[in-house]
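# Residue-level structure breakdown
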Amino acid sequence: MSFLEVRDLSIKHSDTSIISEASFSLDKGDVVLLEGSNGTGKTTLLRALLGILGTGIKCNGQVIIDGSENVITMKENELLRIRSKIGYLEQKDNYDMYYGISVKEVLADSLEAYKNARLTKDDYSRIEEVFDKYIPSEAKLSLKSKVNKLSGGQQRIVSIIASLCLRTDAKFFIIDEPLNNLDINTIVHISNILNSIRIENPEALFIIVSHCKIFPFINKVATINDGKVEISNTGIVCNACFGVPDENGFYK
Ligand SMILES: Nc1ncnc2c1ncn2[C@@H]1O[C@H](COP(=O)(O)OP(=O)(O)OP(=O)(O)O)[C@@H](O)[C@H]1O
Ligand SMILES: [Mg+2]
């Protein structure tokens, strides 16, 4: 059995069909670019993989992650357990209501959910190390910054550090439009971060939604067309904007 098995998955928003009897499987070590025009159902599909169905959504079929029970029919506490072990970057950063909350507190919350335990002094030191390691040097951002007062791009960087960089040993990464709001240097920086996580953690499955063809380390492309999900083994890298990556997939 593959790491991720999706069988006859159908998703409707009210009575509109978004995904129609999708069946596919993905393995550990796959790095998949999920493509499709705006509104085709990429985010809806990824949320269904996590059992996030939302009001008005009807879902049928099976999603099995690493031999789990069917995520679609799973109880909420078991879903929370599975989700907490996944690096999930949501498409939208929702920090508007985070009055007075600092970047450090956002990172601590994410790490606490991942560990499912109170944080220790060492964990707080790790948050500082991870922040220093992954933050782009040009980003005017500190652990003390208040997240609701950051720019769109700065908020994106915080979300990437919280949901991906603090969880580099996760088995599954679901990454929805990581490059939204980022400037070109930061896009390159994020591509390099994802590549280093992948190299450190070759057993993980990555599904990345992006319209930017920067990632040299993609080994499969999944496309949503009329509600059907098709998987191919090719990736296209555009060297026009970012230059040529080195043989390990890193940009200068
Ligand atoms: N809460 C909702 N109620 C009804 N329809 C919805 C809801 N959320 C999304 N949709 C519809 O579901 C379809 C798929 O949306 P989804 O966000 O999954 O698309 P997407 O492929 O991620 O698009 P994008 O590239 O713009 O992020 C869209 O046509 C959208 O209008
Ligand atoms: Mg989307």
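Below is a short write-up of the structure. (Residues numbered from 1 in each chain as written. Chains lettered and ligands numbered in written order. Predicted model: local features only at pLDDT ≥ 70, side-chain atom pairs only at ≥ 80, totals over all residues. Heavy atoms only, no water.)

## A short note on the sheet that holds strand S9 (residues 228–232)
- Spatially, S5-S6-S7-S3-S8-S9 is the arrangement adopted by the six strands of the open sheet, whose pairing is mixed. Lying at the two open borders of the sheet, with one neighbouring strand each, are strand S5 (86–89) and S9. Across the sheet, the mean angle from the axis of one strand to that of its neighbour is 15°, orientation sign disregarded.
- As judged from the four bridges shared by strand S3 (residues 31–35) and strand S7 (residues 205–209), these two strands associate in the parallel manner. Within S7, the residue paired with Val-31 across the bridge is Phe-206. (Pairing = 2+ DSSP bridges. Helix = DSSP H or I, 4+ residues; strand = E, 2+ residues; numbered from the N terminus. Axes fitted to C-alpha atoms, helices over the stretch in contact; angles between N-to-C directions.)

## Structural notes on the coordination of the magnesium ion (ligand 2)
- At 2.0 to 2.1 Å from the magnesium ion (ligand 2) lie its protein donor atoms, namely Thr-43 (OG1) and Gln-91 (OE1). Highlighted residues: Thr-43 in helix H1 (residues 42–49) and Gln-91 in the loop between S5 and helix H3 (103–115), separated in sequence by 48 residues. (Donors = N, O, S within 2.8 Å, 3.2 Å for Na, K, Ca; no water.)

## Things to note about the site of ligand 1
- Taken together, 13 residues form the shell around ligand 1, and within it Gly-39, Lys-42, Thr-43, Thr-44 and Gln-91 come nearest.
- One of the side-chain nitrogen or oxygen atoms of Asn-38 is found 2.9 Å away from an oxygen atom of ligand 1.
- Contacts to ligand 1 include Thr-43, whose side-chain N or O atom sits 2.9 Å from an oxygen atom.
- Considered on its own, ligand 1 offers 640 Å² of accessible surface; in the complex 58% of this is hidden by protein.
- Broken down by element, the residue count for the shell around ligand 1 peaks at three residues, all from H1.
- In the shell around ligand 1, the residues fall into one nonpolar, 10 polar and two charged. (Near = heavy atom within 4 Å. Polar contact = N/O pair within 3.5 Å; in protein donor to acceptor, adjacent residues only side chain to side chain. Areas by Shrake-Rupley, 256 points an atom, 1.4 Å probe, with all protein chains shown as cover. Nonpolar A, V, L, I, M, F, W, Y, C, P; charged D, E, K, R; others polar.)

## Considering the pattern of salt bridges
- Evaluated as defined, the whole model comprises 11 salt bridges.
- Measuring nitrogen to oxygen at the nearest pair gives 3.0 Å for the salt bridge that ties Asp-66 to Lys-171. Residue Asp-66 is located in the loop between strand S4 (57–65) and helix H2 (76–84), and its partner Lys-171 is located in the loop between helix H5 (152–163) and strand S6 (172–176); the two are separated by 105 residues in the primary sequence.
- Look at Asp-66 and you get partly exposed, because its relative accessible area is 39%.
- For Lys-133, the salt bridge goes to Glu-200, with nearest N and O atoms at 3.9 Å. One end of the pair, Lys-133, is in helix H4 (residues 121–134); the other, Glu-200, is in helix H6 (residues 184–200), with 67 residues separating them in the sequence.
- Residue classification places Lys-133 among the exposed positions, given a relative accessible area of 53%.
- Under the relative-accessibility criterion, Glu-200 is labelled partly exposed at 49%. (Salt bridge = Lys/Arg side-chain N within 4 Å of Asp/Glu carboxyl O. Buried < 20%, exposed > 50% of the residue type's maximum accessible area, 1.4 Å probe, protein only.)

## So, the nonpolar core
- Formed by 51 residues in total, the largest nonpolar core has its most connected members in Val-103, Leu-107, Leu-141, Ile-161, Ile-208, Ile-214 and Phe-215.
- The set of elements that each furnish at least two residues to this core consists of S3, H3, H4, H5, S6, H6 and S7.
- When neighbours within four sequence positions are excluded, Val-103 is seen to be in contact with Phe-131, Leu-141, Ser-142, Leu-143, Ser-145, Val-147, Leu-150 and Val-158.
- Core analysis: the next-biggest nonpolar cluster, separate from the first, contains 35 residues, Val-32, Leu-46, Ile-82 and Ile-174 among them. (Core = buried A, V, L, I, M, F, W, Y, C linked by side-chain atoms within 4.5 Å. Contact = heavy atoms within 4.5 Å.)

## A word on the layout of surface pockets
- As a volume, the largest pocket reaches approximately 730 Å³.
- Lining of the largest pocket is provided by 27 residues; of these, Tyr-88, Glu-90, Ser-110, Ser-163 and Arg-167 occupy positions nearest its centre.
- Going through the elements one at a time, H2, S5, H3 and H5 are the ones with two or more residues in the lining of the largest pocket.
- Along the lines of polarity and charge, the residues of the lining of the largest pocket split into 11 nonpolar, six polar and 10 charged. (1 Å grid on protein atoms, 1.4 Å probe; cavity = no way out; pocket = protein on both sides within 12 Å on 5 of 7 lines; lining within 4 Å. Points joined across faces, edges and corners; volume = space filled by probe spheres on them.)

## Structural notes on the sheet that holds S4
- On the basis of which strands lie adjacent, the open sheet formed by three strands has the order S2-S1-S4 and antiparallel pairing. In this open sheet, the two strands that pair with only one neighbour each are strand S2 (16–26) and S4. Averaged over all neighbouring strand pairs, the angle between strand axes comes to 5°, with direction disregarded.
- Taken strand by strand, H1 contacts strand S1 (4–13), S2 and S4, and its axis lies near 125° from that of S1.

## Focus: empty space enclosed by the protein
- By the definition in use, this model includes one cavity of 30 Å³ or more.
- In this structure, the largest cavity spans a volume of roughly 40 Å³.
- Lining the largest cavity are Phe-24, Leu-26, Leu-34, Leu-45, Leu-46, Ile-207, Ala-222 and Val-229.
- Mapped by element, the contributors of at least two residues to the lining of the largest cavity are S2 and H1.
- Taken together, the residues that form the lining of the largest cavity break down as eight nonpolar, no polar and no charged.

Geometric values such as these leave the question of function open.
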